[in-house]
Amino acid sequence: MKSETITSKALYAPTNNVNSFVQQRQDIPKVKVASVKENKEEKEKSEKKSLERIVLAGTFLLMITAAFLVYYFQPDFDLLNLNRMSSVGGMVLIGITTALLVYKALFFLYSVYLYIRYRSIKSVSDEELPTATVIVPAYNEGRLVYDTLLSIAGSDYPHEKLQLLAIDDGSKDDTWFWMQRAKDKLGDRVTILQQPENKGKRHALYRGFKMGTGEIFVTIDSDSIVKADTLRNMVSPFVVNEECGAVAGNVRVLNNKEGMIPKMLNVSFVLSFEFIRSAESMLGSVLCTPGALSAYRSTAVFGCLEEWINQTFMGQPSDIGEDRAMTNMIMKQGYHIKFQRNAYVLTNVPEKYKGLYKMFIRWGRSNVRENIMMSKFVFKNFREGSKAGTRILFFNQWLKIVMAYPVILMMFVFIATHPLLFLSSTFLSILIYSSFPVLFYAKRYNVAESFWAYSYSILYTFGLFWITPYAIATASRRGWLTRG
């Protein structure tokens, strides 16, 4: 009715009001389109939330049902154990399983002890802060790199002590355009560079290391946002501890509102960083300084830079795992590797299953490669003081790799012979073992979000169990996989 009224009035409108009427007519469809778009977005959000509630409800239903089935099938479990104990092979299997469970329990208690003792290093004063070079390599990140650079420039760090380098690694999208936009806004506070062709993240970082003038190098992924106090918290351990050669930042998920997988990873990251890396930090042996946010003493970097850029695996140049490789090479020089829980970075993670498993494959291959490299020095006198804790961490990493195929084999045998017993015991195990990350996240952040740890464990157990065996078998393959 409203559009009909406007039309009838316009038929008798004076000539000088024609332009005004035309503008009104042009605005009507825009308003309608905007309204339709908003309604569609609201509908999609509502559907997404409903699906998330269904998934969480289904997760709890599966685990509760599993607990009941374990109780219901208890005679079958008892019979299965009796049959195993009646054979030599079965007794060996029970012995190995028991030994592994005891080891895992002891390692967990050891980690809890280290975590309780952990404390972040508080930021030193402006006068004590060293000069720092922040290096941001970027490939096909588009607008994200602009936001990253602005967040770094907005840091509470003396400008005269901060050098910011952004390197476009031969992107095929508008990444360079957004770097130029950041340059226009920040002026001399940022230097932007463009690789003539895509050579990989390691080469982009190498160029930054060679050009950097800071006493400390900080590397940040181009799809990440740092908090105002992140940089000063990252470099402070180098000031108070001369033995510190590298520092890992605290990584959280930036796009955790965009889907279920980011929500799951956000909870998983909290356990991985705030618990596991806190424990590793007490031993001065954080095993990996993440690409999203890491800091290195420049002298430590230059002590291994050429070895790092020329690293190979099975005769092929290494184009993945540059963060884990740098961590290993700095540790090998005798430095301590620390974690700063108070240095936050928010980074984007895959929102789809395909992107997730590709990311995990890359990480898995890097883990295999760098554990082999670590084995070449970890049992030597690579640094002063006790190295027992570092060797325990190394053994724990190798145990996961060595047990990958036997666990997969036993799982398939169990499924083939006793499918109901397998499913019920597995879901009950998830309920038990995932309760720790749930409680850990709930205590530190949010109770409602913490329940995604259960869903993530189910996804990993049934949808990503194949990653480690596949990564081991294909450890020599090159390729970033998730770069697009």
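Residue positions within a chain follow its written sequence, with the count starting from 1. For this predicted model, a pLDDT threshold of at least 70 governs which residues receive local features, and a threshold of 80 or more governs which side-chain atom pairs are given and counted, while totals over whole chains, interfaces and linings are taken from all residues. Values reported for side chains reflect all heavy atoms of the structure, with hydrogen atoms and water molecules removed beforehand.

### Some details on the overall build of the protein chain
Applied cut-off: Counting from the N terminus, the helices are the DSSP runs of H or I reaching at least four residues and the strands are the DSSP runs of E reaching at least two. Throughout, a contact is declared for two residues whenever any of their heavy atoms are within 4.5 Å. Where accessible areas are quoted, they stem from the Shrake-Rupley method and a 1.4 Å probe; at the residue level, only the protein chains shown are allowed to cover. Positive charges are assigned to Lys and Arg, negative charges to Asp and Glu, while His and the chain termini are left out of the count. In plain terms, the charge of a residue is placed at NZ if it is Lys, CZ if Arg, CG if Asp and CD if Glu.
The helix and strand tally for the protein chain stands at 20 helices and ten strands. Taken along the three principal axes of its C-alpha coordinates, the protein chain extends 100 × 60 × 45 Å. Taking as baseline every contact in the protein chain between residues at least 6 positions apart, the subset at least 24 positions apart corresponds to 83%. Surface accessibility of the protein chain: about 24500 Å² in total, with carbon and sulfur atoms responsible for 61%. Taking the average place of the 57 positive charges on the side chains of the protein chain and the average place of its 42 negative ones, the gap between the two points comes to 4 Å.

### Some thoughts on the pattern of salt bridges
To keep it simple, the criterion reads: Here a salt bridge means any side-chain nitrogen of Lys or Arg lying within 4 Å of a carboxyl oxygen belonging to Asp or Glu. When a residue's accessible area, from a 1.4 Å probe over protein chains only, is under 20% of the maximum for its type it is buried; when over 50% it is exposed; and in between it is partly exposed.
All chains considered together, the criterion is met by nine salt bridges. We note a salt bridge from Arg232 to Asp156, for which the minimum N-O separation is 3.7 Å. One end of the pair, Arg232, is in helix α8 (residues 230-240); the other, Asp156, is in the loop between α5 (143-153) and β2 (162-168), with 76 residues separating them in the sequence. Overall, Arg232 belongs to the buried group, its relative accessible area being 9%. If you follow the salt bridges from partner to partner, you end up with Asp126, Asp156 and Arg232 in one network.

### Some words on the confidence of the model for the protein chain
Formally: The pLDDT value expresses, per residue, how confident the predictor is, ranging between 0 and 100.
Scored by pLDDT, the protein chain has a mean of 91; 92% of the residues are at 70 or more. pLDDT under 50 marks residues 1-26. Its contacts with residues more than four places away, or in other chains, come to six contacts.

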